[in-house]
Amino acid sequence: MEEATQLLHAPQRHRTLSDYFKILLKRRWLILLVVFAIVGYTALKTFTATPIYSATVQILIERHKPQYLDQPGASAQPDYYGEEFYQTHYKLLESPALAKKVAEKLDLKNRPPFASIFKNLPPHADATMKQRAEETLVGAIAGGIQVNPIRQSSLVNVSFSDPDPKFATTVINTLAQCYIEQSLDLRFASSQEAAGWLQGKLIEGRKKLEESEAKLNQYKREHNIVTMDDKESITAQKLEQLNKDLVAAQTLRMETETRFKEVSRGQAISQVLNNPLIQTLKGQEAKIIAEQSELSRKFGPEHPRMIRLNNELAATRGKIGAEMGQIVQAIKNEYHMAKAQEDNLKKALDQHKGETQDLSDRSIEYRVLLRDVETNRALYENLLKSLKITTAAENTPATNIRIVYPATVPTAPVSPRKTRDLMFGSVMGLVLGIGLALVVESLDTTLKTPEEVEEWLEIPNLATIPHMDFTPENSAKDEFRELIVHQGTHPLASESYRGLRTTILFSSPGQAPQVLLVTGSLPLEGKSLTSANLATVMAKAEPKVLIVDADLRRPSLHKIFHVPVEPGLSNFLVGELDDIPFVETLVPNLFLVPAGKIPPHPSELLGSERMRDFLDRAKNQFGRIIIDSPPLMSATDAAIISTQADGVLLVIKAEYVPRKAAMDAKHQLLELNAPLLGTIFNKFQVQQDEYFSKVYYRYHYQYTRDHGSSSRRSHTPKPGVLGWVKDKLDHFKQKSP
């Protein structure tokens, strides 16, 4: 039987949308309870709430106020406000200061319902108590104000909510008017502050202007300045002329110096050569030399005529030398005069340059003082002009706030909105109900579906047994109503047991397990009922089947089959009997060994050699043996028997067994190397599972039609939740007298 011990591991499975739908269907009453509770609470609050009316005034807030005067820089004012500009106005509309102004203007202290705030003050209330009362009044007004800007525009809707629609209209219209007045007051105060500041700056500017003018006049007197521009022009012209004269003198000096040097070296110059007197004397000299040369042929040197010519030649040459000396002296004198003139012009130029530099220095200081005067005069004139404009603007009522559409008395309340509130309550109730259902489902660690059994235990689920109602339909079948396979009262359950039989027979190749142990994790899972019906369905297909009640602590099979509890298994195990004490049941081919007398130590008896002898004898006499045992987590009886069985069936009651208990039971069997075949998912509510519900009703309809039972055909339920509700109603009608 080693092949039977090899378990088929179920694949891991995650929750699908269908699983969540099943959870919601299962927890539908919790969801409906939450929905009804929240909707009821919402309806109670909605229908008992005081109606609130909201009056709305529409205001235009422009970025720039109207300009009635030509203010400097007003037309070119940049758009630097941005979003902060409008947010500031929105906060001002909601400010307690504006609400206080509205309360004072409407005299709300003496008008209901706010008059009671001040009437309840003690007679000798101090300033703090009165201030708190005023803050309460202002807070009530400011708390009812709502500012709703209109996107992509300069318009804003300002609303006030109150149970009295006329009062709400009066308050919001007054608030808009007060806000315009507040804006004008702020602008007037700002203009006054600007005018005062300008007045002070004007006096200071005039004083600075007078001081700068006095400094300029004193400087002009000290330096004998009438007009600095004319004096600078004359000085510049004179300096230019001196430069020109100096250049001419330097040129003349260089020319005379050149002639003087040539004459001093004895070189012939044009002034000497071109002198008429020297030319005449040169002609006479040449004539005398020619005559002397002619007479020298005739006369000797001592001849009077020769002496006379020599004397004339000497006299002529003396005149030439004297004339040349005068010319050289004239050239020398001319050179010295040119050099002296050059030196004088240089001195005059240097002197004039110094005067010009002094004049430039005085001119810089003069212009500094003049520029200071001009700056102070321009500043003073601008301040004077701004003061005049600001003074004129104080009396001009210019504001950038306008009332576009005043508030009218509202006819319908804004709250409570019954339809919206009820719909919102329904949605919130549904969401919270679904969330609570999922939370409760997550906290519930019991195994609820066959898929969860396979997923958590990783062993195959051999059969799913639906929950059975054992309400008797007639007295003949009342005694054996638990034997549903024999009685045929629950078709789907009977078919599930037949499927379980088939699964067990084909659980291993070769030969099906002969000794089957039916156990569970916890008490009250329906192990005895499962054992009885499994044995019944086995007996319908096999010649001899034995069912043994091995639950020696709380036996129950004798009650199901209505046989005496003694003699039984315990009697055989203690040695009172030599033969197997089986009895024949009403089911053909099915024999029962009752539990017998309850012993003090059942586990010792079940683990004895006598128990092994019992099983060996039973195997020789019966083709199939089914043993009903106690739960694994309550006693060790089932664990002891599991080692002697060919196959172990673990019964798990739906929505009853925690996952940990089932996993501990499985691990306990595997540690003992017990041949665990799989699980039997018992008492499953088919109405909570859409798939099993459809299968059940379809099979029930086919079953009753095939058997021709008119009573059952008349009681064929319809699939789905509505069919289940209708079936329950019909059932209660039949029970009612």
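Residues numbered from 1 in each chain as written. Predicted model: local features only at pLDDT ≥ 70, side-chain atom pairs only at ≥ 80, totals over all residues. Heavy atoms only, no water.

(A) Region of the structure containing the overall build of the protein. Along the protein, the regular secondary structure elements total 25 helices and twelve strands. Looking at the protein residue by residue over its 737 residues, the buried ones come to 40%. In the protein, the proportion of contacts linking residues at least 24 apart, taken out of those at least 6 apart, comes to 80%. Roughly 41,000 Å² of accessible area belongs to the protein as shown, and the carbon and sulfur atoms make up 55% of that amount. (Helix = DSSP H or I, 4+ residues; strand = E, 2+ residues; numbered from the N terminus. Buried < 20%, exposed > 50% of the residue type's maximum accessible area, 1.4 Å probe, protein only. Contact = heavy atoms within 4.5 Å. Areas by Shrake-Rupley, 256 points an atom, 1.4 Å probe, with all protein chains shown as cover.)

(B) Expanded view of the sheet that holds strand β5 (residues 461-466). Taken together, eight strands build an open sheet; the order of strands is β5-β12-β11-β6-β10-β7-β9-β8 and the sheet is mixed. Each edge of the open sheet carries a strand with a single partner, namely β5 and β8 (583-584). Sheet contacts for helix α16 (residues 527-539): β6 (515-520), β7 (545-549), β9 (590-593), β10 (624-628), β11 (647-653) and β12 (676-684); angle to β10, the most-contacted strand, approximately 170°. Against the sheet, helix α20 (residues 609-621) contacts β6, β7, β9 and β10, and its axis sits at roughly 145° relative to β10. (Pairing = 2+ DSSP bridges. Axes fitted to C-alpha atoms, helices over the stretch in contact; angles between N-to-C directions.)

(C) Inspection of helix α12 (residues 418-443) at higher detail. Taking 1.5 Å per residue as the helical rise, α12 with its 26 residues ought to reach 38 Å, and the 36 Å between its terminal C-alpha atoms agrees with that figure. For α12, the full list of buried residues reads D421, G425, G429, G433, A437 and E441. The elements touched by buried residues of α12 are α1 (17-26) and α2 (28-48). (Expected span 1.5 Å × (residues − 1).)

(D) Examining helix α4 (residues 96-106) more closely. Restricting attention to buried positions, one finds in α4 the residues L98, A99, V102, A103 and L106. Down the axis of α4, the buried side of the element spans an arc of 140°, and every buried residue falls inside it. For α4, exposure combined with an orientation more than 90 degrees from the buried face picks out P96 and E104. The positive-phi residue at the C-terminal boundary of α4 is D107, with phi of around 50°. (Arc of directions from axis to C-beta.)

(E) View of the packing of helix α15 (residues 491-505) against α16. One can describe the packing of α15 onto α16 by two numbers: an axis separation of 9 Å at closest approach and a directional angle of 70°. Compared by their axis directions, α15 and α16 come out roughly perpendicular. When α15 is examined against α16, the residues Y497, R498, L500, R501 and I504 are found in contact with a partner set consisting of L529, T530, N533, L534, V537 and M538. Looking at the contact of α15 with α16, its residues break down into seven nonpolar, two polar and two charged. (Parallel < 35°, antiparallel > 145°, perpendicular 65-115°, else oblique. Nonpolar A, V, L, I, M, F, W, Y, C, P; charged D, E, K, R; others polar.)

(F) Representation of a nonpolar patch on the surface in the model. On the surface, a cluster of nonpolar side chains totalling about 310 Å² of accessible area is made up of L17, Y20 and L438. Summarising the element assignment, Y20 is placed in helix α1. (Patch = residues over 30% accessible without salt bridge, like charges linked within 9 Å, V, L, I, M, F, W, Y side chains within 5 Å. Salt bridge = Lys/Arg side-chain N within 4 Å of Asp/Glu carboxyl O.)

(G) How the structure looks around the packing of aromatic side chains. In total, this model carries eight aromatic pairs according to the counting rule given. Summarising the aromatic geometry, the rings of F591 and F622 are spaced 5.7 Å apart at their centres and angled 55° between planes, so their arrangement reads as tilted. Of this pair, F591 sits in strand β9 while F622 sits in the loop between α20 and β10; the two residues are 31 residues apart in sequence, bridging distant segments of the chain. A residue is classified by how much of its surface remains accessible, and F591, at 14% relative accessible area, is buried. Between F681 and F684 the ring centres are 5.7 Å apart and the planes differ by 50°, which places this aromatic pair in the tilted class. As far as the burial class goes, F681 and F684 line up, both buried. Put simply, the rings of F85, Y86 and Y90 pair up and form one aromatic cluster. A cation sits over an aromatic face here: K544 above F622, 4.7 Å from the ring centre. (Phe/Tyr/Trp six-rings, centres within 6.5 Å; stacked < 30°, edge-to-face > 60°. Lys NZ or Arg CZ within 6 Å of the ring centre and 35° of its normal.)

(H) Examining unusual backbone geometry more closely. Cis geometry marks the peptide bond from E566 to P567, where omega comes out at -10°. Position of P567 relative to the elements: it lies in the loop between α17 (557-561) and α18 (569-573). A positive phi angle is found at H562, which is not glycine, with a value near 60°. Residue H562 is classed as partly exposed on the basis of its relative accessible area, which comes to 44%.

(I) How the structure looks around the pairing of β11. Judged by how many residues are buried, β11 sits mostly within the fold: seven of seven residues are covered. Side-chain alternation along β11 places G647, L649, V651 and K653 on one buried face and V648, L650 and I652 on a second face that is also buried. Summarising the sheet, β6 and β11 pair through five bridges and their orientation is parallel. Bridge pairing in β11 places L517 opposite V648. Where β11 and β12 come together, six bridges link them in parallel fashion. Bridge pairing in β12 places V651 opposite I680. Crossover handedness for the path β11 to helix α22 (residues 659-671) to β12: right-handed. (Right-handed = clockwise from strand over helix to strand, strands pointing away.)

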